[in-house]
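Here is how the chains run, residue by residue.
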Amino acid sequence: MRIDGKGLIDRSVTVPFAFDGQRYHGFAGDTLASALLANGVRVVGRSFKYHRPRGLLTAGSEEPNALVTVGQGSGATPNLRATTQEIYEGLEAVSQNRWPSLNFDVMAVNDLFSRFLSAGFYYKTFMWPKSFWQRVYEPIIRRSAGLGALSGEPDTARYEQAYAFCDLLVIGAGPAGLMAALTAARAGADVILADEDSRMGGRLLAETEPLDGEAAHIWVARVLDELAAMDNVRLMSRTTVTGVFDGGTYGALEQVTTHLANPAPDAPLEAFWRITAKQAVLATGALERPVAFPMNDRPGVMMAGAVRSYLNRWGVAAGQKVAVFGNNNDAHRTAHDLQEAGVEVVALIDSRANATVTGDFPLFTGAQVINTRGRKSLGEVHVQTASGVEVIEADCLAMSGGWNPTLHLSCHLGGRPVWNDSIHAFVPDPKNCAGLHVAGAAGGVFSTKGALKSGVFRAKEALKALGMKAPSMPLPVAGDAEFAITPLWQVKGRKRAWLDFANDVTTKDVELSARENLASSEHMKRFTTQGMAPDQGKNSNVGALAVLADATGRSIAATGTTTFRPPYVPVPIAATGSAGAGKGFAPERFMTSHDRSLELGAPMIEAGLWYRPSYFPRKGESTWRQACDREVAMVRGAVGVCDVSTLGKIDVQGPDAAAFLDFIYTNRMSSLKVGRVRYGLMLREDGMVMDDGTCARLGPQHFVVTTTTAAAAQVMRHMEFVLQGLRPDWDVRITSTTEQWAQFAVAGPKSRELLNGLLEVQIENDSFPFMACGEVRIKGVDARLFRISYSGEHAYEVAVPARFGAALFDLLLERAQALGGGAYGLEALNVLRIEKGFLTHAEIHGRATAFDLGMARMISPAKDCIGKVMAERPGLKGPLREQLVGLKPAGAAKLMTAGAHLFMQGGEAVSDNDQGFVTSPCYSPTLGHPIALAMLQNGRARHGEVIDIVDHLRRVRTACVVCDPVFYDPDGGRCRG
Amino acid sequence: MWFVIRCFMILTGGGAVVELMEKSAFEGLLPVEVVGCRIIAAPPEPMHLISPYKGQEKPLSAAMKSAHGMAFPAAGRATGKEGARLVWFGLDQAMLIGPAPDARLSEFAAVVEQSDGWAVLRLQGALAEDVLARLVPVDMRAARFKRGQTVRTQLQHLQVSMTRVGGEVFQIMVMRSMAKTLVDELQNAMRLVAAR
């Protein structure tokens, strides 16, 4: 029911919206909650476990009952709090956890069996048969207890993440936060003021108390105007600071367009901010806590402060006959505000016998609410007074058990709250809040005057830490009412009294937990699930601890509290991870030949972040194998061209370059002549092989090292580590040149013929023998030529600056085709190298030593190198090691698969008998049958032996002959030709 | 325009004709313009990474001054101006952008050509700072990141070099193969910012 003349809403703008399909009207400035309340909607949700009808409890982000789903299909967002969801034209909200409807919910039958559904009941009840828990019981329980559901479709909404920086972050824009921000802003500090509400002002917007002689919201508007006009201030409304992280980093969730009827198509729904602040003021206020009296969860039982919020901010009376029940003076305000607004107050009940209560309505002191009646709306309140039980007719009961400082963020870096006996609540421990200055109600200062003063004081502390001078700050005239409270945590009775409304946890559950000896706060929380719902115990935490303390005969301080962790409010993963959605997951790296390869129909394969063509299909080829076999034959018989730009290239220069390379390679590089290339092996410090590649000497102090694609970054990092950490005395400079050069392999008997058609100066076998390198000019461009071969054929790699890469690739293809060749992809490249027994990281898998790979002799005995000592460790050599071998089928060609394990012929294929595994299999078109590289125990001594390869996944068992890993041209004559 | 495929038919020093077509890393991707912000490819210029040898920082800086008119930059700074710039690029490294490096520099430093290794673009406009605030975990606001300041940082997952080269103009460098991802990320952030 709206009250004329009350509230900060704009009554000239009517906003139509729908809840559960029913159409309603609200006003601009309404939340879904205030608009529903104004329309007389009492039931807004069903409880988690018992499916009891529930109404609004609060007016803020702590709301446990009024969770709704907004939107439809893939655009639906579940579990939004009606108290923070602003209405807009066309808003469609639906209630949750009910079937078929909010008014009639079949699962409400649970409520009748509540005696059997106490905390932990399912663990005790559904124990047999064991296998039924996961498959039968748990799914049913989960379906009947619950929250809103996701659509199951990809989220179509846009989200954003962003970074912000400031000297001072002020969290919360109530009286303390506004004064803190104003103080720091006037001092010239770079300030961010963040507040979760759509309108800044905090409790100042919800109370009738004047400020500086005028309505508080007018003072708020003036302060905000001053702040908004300053360049050094950023006001972030609808922004909830959700977590505190290391180094002064704060996470914050901004509602960007959740309140708009027609947001711009590209605009994000929400944004997740990472705010780096040198200092911060925590001015998050306090949350009112319920009293656990029997049947305290009926629609109409609300927090007293929330009833004032609805009245004073939104002009809505929460009921027509309102009773107020509290244990502190603050609750009295609700009765007085309501009466002044013309709402009937049917009772003001104060649990304190000595309380001073005034007012022109029935007053009860030393009295308690012991029961309520009314299924879908509160009807009666039963009050125990000294003289007996009074039955009071009321449709709203405003309750207050005191206020808990909103200290959550102070715990995120490990701070433990401390108990304060004067306000009977936990407050932040200032010792554990480095850089976070707690102001106002968040620190237990509950009067308006105290909050304003504390805001200034904490801002000055922060300014001092920033080395800035604080201005003098006059304080506005404000109320300084003393907060008087006598604790009242629960009213005992036969019926259930709720602590955690969101998870349906009652005082009985907590008492049961204590009886079961789960008496620590952490155990109680897990046993009862108190504090584990979307509200994370904001309403129930301290109350539950008090009941636990009572049940275990300890004080609350001694019972202690569980801690609070980020996030303060639910944060969609879509928001925190928005930058990683779709292609944002990882960069794409494209070679210069990429577009051309796509034109040729080549399917791409991801190698690290690179996209490489796996084969180039031609007309009539229906499988990759056909294309691959053709490409292999082309390289063996004519000439093939392959983009190998992804291989790492590292430029090494300096007076100590040769010594450095001797140190990181197992073999000697200092003896390499200028204009020559050498194959090299690098070990890790632990003696295992790290990578292989080539090293070319371009000048006396100038080398270019190539790495495998996969290890390019690792080798660069390794080199940096060696130079900075191990040999800082050496004068060597390294630079990655991987991206500078587009490099193409030209391989096959006709490779020289192809190149000589393009080079300005012709090359011959004498002038440019195997393992030569040098600078050449190709079609007017300075290029580098390396005579190296990964195919075993007479082959070259030619490198040009990347801007010429696409053109050179086209030209090489054209010439290759004229010579009966063409492009080959990664599949053919792989087959070519397996036929030659060359290695990749399938063999250099991190556990292989040079000995295992048959390269022990590459570790030069004449010098030291990284990994040399550790490679000598016992167990890294000898017949027990798995050694590189070749495999070919024994008898008719059969399937050989990667990852298959090796066993004695006919032996049982169990892990005890495992003798190694297949690293790289392929069909060899050159030899006409499958071949494979494998690691086999004592393999080099077993050439000629027949073993079985077994692949349990693909159900393959093939008998194979062990052989030398070099299947083709073992003398290497072809590459020298 | 210079950023599309073009065919160089100019005479080079050796007298031979360059017959291979150049292709920019940003071909077909730039320019991109959204309200308040645009990205364009930077003109292609020679780029060389200069890494001074031990104890050679001073003579290198002197040689640099006499040859190219600018000193070796301190960490986080760029020296020079449009057409001849020296951008700090990491520990003991700076990227010379514009002039071909004087031969004397090689006495004091490793000089490695990178003209094609890095793709360079310019992000400019009134909303450029807001766009970067969506992508870069560094305070890029004018008061904290002034003209002539440079940083090696990450732009989403990309390792980049960023320099403020004008009031509202940022030079962003990324490894060539990732040019498309850079444009995609910038474009996405530009749309988000413009939509606000």
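Right, let's walk through the structure included here. Here the structure is a predicted model, which is why all the values come from computation and not from measurement. (Residues numbered from 1 in each chain as written. Chains lettered and ligands numbered in written order. Predicted model: local features only at pLDDT ≥ 70, side-chain atom pairs only at ≥ 80, totals over all residues. Heavy atoms only, no water.)

Quick word on the interface of chain A and chain B
At the interface, 60 residues of chain A touch 49 residues of chain B. Buried area between chain A and chain B, summed over both chains or domains, comes out near 4500 Å², and the portion from carbon and sulfur atoms is 51%. In terms of surface lost to chain B, no three residues of chain A exceed A:Tyr163, A:Arg733 and A:Arg803, which account for 17% of the buried area on that side. Our count for the contact surface shared by chain A and chain B stands at 10 salt bridges. The salt bridge partner of B:Arg144 is A:Asp167, with a shortest N-O separation of 3.8 Å. For the interface between chain A and chain B, the tally reads 28 residue pairs in polar contact (both at pLDDT 80 or more). Going through the elements one at a time, β8 (159-171), β13 (270-282), β29 (589-590), β33 (648-653), β37 (733-736), β39 (773-778) and α19 (805-818) of chain A are the ones with two or more residues in the side of chain A that touches chain B. The residue makeup of the side of chain A that touches chain B, split by class, is 30 nonpolar, 11 polar and 19 charged. (Contact = heavy atoms within 4.5 Å. Buried area = accessible area lost by both parts, 1.4 Å probe. Salt bridge = Lys/Arg side-chain N within 4 Å of Asp/Glu carboxyl O. Polar contact = N/O pair within 3.5 Å; in protein donor to acceptor, adjacent residues only side chain to side chain. Helix = DSSP H or I, 4+ residues; strand = E, 2+ residues; numbered from the N terminus. Nonpolar A, V, L, I, M, F, W, Y, C, P; charged D, E, K, R; others polar.)

Re the packing of aromatic side chains
All names here are of chain A. Scanning the model with the defined rule gives 14 aromatic pairs over all chains in all. Ring centres of Trp419 and Trp489 lie 6.4 Å apart, and the angle between their planes is 50 degrees; on these two criteria the pair is classed as tilted. Residue Trp419 is found in strand β24 (residues 418-420), and its partner Trp489 is found in the loop between α8 (448-466) and β27 (498-500); the two are separated by 70 residues along the sequence. Just as Trp419 is buried, Trp489 falls in that class too. Summarising the aromatic geometry, the rings of Phe768 and Tyr796 are spaced 6.4 Å apart at their centres and angled 40 degrees between planes, so their arrangement reads as tilted. On the criterion of sequence distance, the pair formed by Phe768 in the loop between α18 (751-756) and β39 and Tyr796 in strand β41 (residues 795-801) is long-range, its members being 28 residues apart. In this structure, Phe768 and Tyr796 share a single accessibility class: buried. Taken together, the ring pairs connect Trp419, Phe426 and Trp489 into an aromatic cluster. In this structure, Arg727 is placed above the aromatic ring of Trp730, and the distance from its NZ or CZ to the ring centre is 4.0 Å. (Phe/Tyr/Trp six-rings, centres within 6.5 Å; stacked < 30°, edge-to-face > 60°. Buried < 20%, exposed > 50% of the residue type's maximum accessible area, 1.4 Å probe, protein only. Lys NZ or Arg CZ within 6 Å of the ring centre and 35° of its normal.)

As for the sheet that holds strand β22 (residues 396-400) of chain A
Residues and elements named next belong to chain A. Read from one edge to the other, the open sheet built from 5 strands follows the order β15-β22-β16-β17-β18, with strand pairing classed as parallel. Looking at which strands have only one partner, the edges of the open sheet turn out to be β15 (301-303) and β18 (363-365). Going from strand to strand, the sheet's axes swing by 20 degrees on average, the running direction of each strand aside. Sheet topology note: the β15/β22 ladder contains 3 bridges and is parallel. Paired with Val301 across the strands is Leu397, a residue of β22. Strand contacts of helix α6 (residues 304-314): β15 and β22, with the helix running at about 85 degrees to β15, the strand carrying the most contacts. Contacts from helix α7 (residues 330-340) reach β16 (321-326), β17 (344-350) and β22 within the one sheet, and its direction differs from that of β17 by about 165 degrees. (Pairing = 2+ DSSP bridges. Axes fitted to C-alpha atoms, helices over the stretch in contact; angles between N-to-C directions.)

Re the side chain of B:Ser161
Residues and elements named next belong to chain B. Here Ser161 shows up in strand β10 (residues 158-166). For Ser161, a relative accessible area of 1% puts it in the buried group. Discounting chain neighbours no more than four positions away, the residues touching Ser161 are Val87, Phe89, Thr150, Val151, Arg152, Gln171, Ile172 and Met173.

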